[in-house]
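Observations on the model geometry
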Amino acid sequence: CPPADRYLSKLAAAGEVAGRSVAPLSFHVDYWNDLGWTDPYSLPAWTERQRQYAQALGDDRVYTPEVVVGGAVGMVGSHTGKIVDAVGKAARPSLLPATATWGKDHVEVTATAPGDADVVIALWEDAKTVRVTRGENSGSTLTNHRIVRRLDRVAGAGQKGTKKVMFDPAWKGVGAVVFAQRRDKRITASALLR
């Protein structure tokens, strides 16, 4: 959805909405790939993650574009007013104590998980341009931001862990965020990795 992609780009550049810091992430689902064009960043794992959110949020369907705020509420990703409202009302996650060491092809993160949540790292690649050849956006050239390329568990609930996450050194605009996520999908703590 080009309008949702543009809004995510704006959020990523600003780093805040409604006076709150945000770390927007884009998980490309694969259930539209049967329209004749395969999104090069889509993964079945991201579709499954969205299904888990739908179950946790009591939603009987998955759809795109969807935004999930703090793991607690979902809405259409192009409804910017609702997103601003949801971010403003969301419980503020605490700052997750974490350290990161970056290399040319990896990031190594150490974090301690709260007692009720696992800590995961989301590694993204930014500003990738793709030409859509089929489907609703056929003929469009779209720039995608904060494309999640890796999602790895760093530590289980109540544990300290270290995880080395590899990435292709040819990737541009690589960044990462770690967050503590409970079984009910709510995010309770987070930190951008610099």
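These numbers come from a predicted model, not from an experiment.

On to the overall build of the protein chain, then. A tally of regular secondary structure across the protein chain gives three helices and 14 strands. The C-alpha atoms of the protein chain give a radius of gyration of 16 Å, which matches the 16 Å a tight globule of 194 residues would have. Each of the three principal axes of the protein chain carries a C-alpha extent, and together these read 45 × 40 × 30 Å. For the protein chain, with 194 residues in total, the buried portion stands at 40%. Contacts in the protein chain between residues at least 24 apart in sequence constitute 60% of all its contacts with a sequence separation of at least 6. Within the structure as shown, the protein chain displays about 10400 Å² of accessible surface, and the carbon and sulfur contribution to it stands at 48%. For the protein chain, the distance from the average position of its 26 positive side-chain charges to the average position of its 20 negative side-chain charges is 4 Å.

Another aspect to go through is helix H3 (residues 80-89). Those residues of H3 lying buried are Ile83, Ala86 and Val87. Looking straight down H3, one finds its buried side chains confined to an arc of 100°; they lie on one side. Among the exposed residues of H3, those oriented more than 90 degrees off its buried face are Gly81, Lys82 and Lys89. Turning to H3, the residues buried within the fold contact helix H1 (2-14), strand S1 (16-17), strand S2 (20-21), strand S3 (66-69) and strand S4 (73-76).

We now examine the nonpolar core. Of all hydrophobic cores here, the largest spans 20 residues; its most connected members are Leu96, Val119, Ile121, Leu123 and Val178. Residue assignment for this core shows that the elements contributing at least two residues are strand S7 (106-112), strand S8 (118-125), strand S11 (147-155), strand S13 (175-181) and strand S14 (187-193). Once you skip the residues sitting within four places of it in the chain, Val178 turns out to touch Leu96, Ala98, Val109, Val119, Val120, Ile121, Ala189, Ser190, Ala191 and Leu193. In this structure, Val69, Met75, Ile83 and Ala86 belong to the second largest nonpolar core, which totals 10 residues.

Across the sheet, which stays open at both edges, the three strands sit in the order S6-S7-S12 with antiparallel pairing between neighbours. Either end of the sheet is taken by a strand with one partner, and the two such strands are strand S6 (98-102) and strand S12 (160-166). Within this sheet the neighbouring strands show an average axis-to-axis angle of 15°, counted without direction. One ladder, built from five bridges, connects S6 with S7; its direction is antiparallel. Residue Thr101 lies in a different strand from S7, and its bridge partner there is Glu108.

Here we come to the side chain of Asn144. Among the secondary structure elements, Asn144 is positioned in strand S10 (residues 141-144). For Asn144, a relative accessible area of 5% corresponds to the buried category. Engagement of the side chain of Asn144 in a polar contact is seen with the side chain of Asp5, the distance being 3.4 Å. Discounting chain neighbours no more than four positions away, the residues touching Asn144 are Asp5, His28, Tyr41, Asp126, Ala127, Lys128 and Val130.

Scoring rules and cut-offs
- Residues numbered from 1 in each chain as written.
- Predicted model: local features only at pLDDT ≥ 70, side-chain atom pairs only at ≥ 80, totals over all residues.
- Heavy atoms only, no water.
- Helix = DSSP H or I, 4+ residues; strand = E, 2+ residues; numbered from the N terminus.
- Rg over C-alpha atoms; globule rule 2.2 N^0.38 Å.
- Buried < 20%, exposed > 50% of the residue type's maximum accessible area, 1.4 Å probe, protein only.
- Contact = heavy atoms within 4.5 Å.
- Areas by Shrake-Rupley, 256 points an atom, 1.4 Å probe, with all protein chains shown as cover.
- Lys, Arg positive; Asp, Glu negative; His and termini not counted.
- Charge placed at Lys NZ, Arg CZ, Asp CG, Glu CD.
- Arc of directions from axis to C-beta.
- Core = buried A, V, L, I, M, F, W, Y, C linked by side-chain atoms within 4.5 Å.
- Pairing = 2+ DSSP bridges.
- Axes fitted to C-alpha atoms, helices over the stretch in contact; angles between N-to-C directions.
- Polar contact = N/O pair within 3.5 Å; in protein donor to acceptor, adjacent residues only side chain to side chain.

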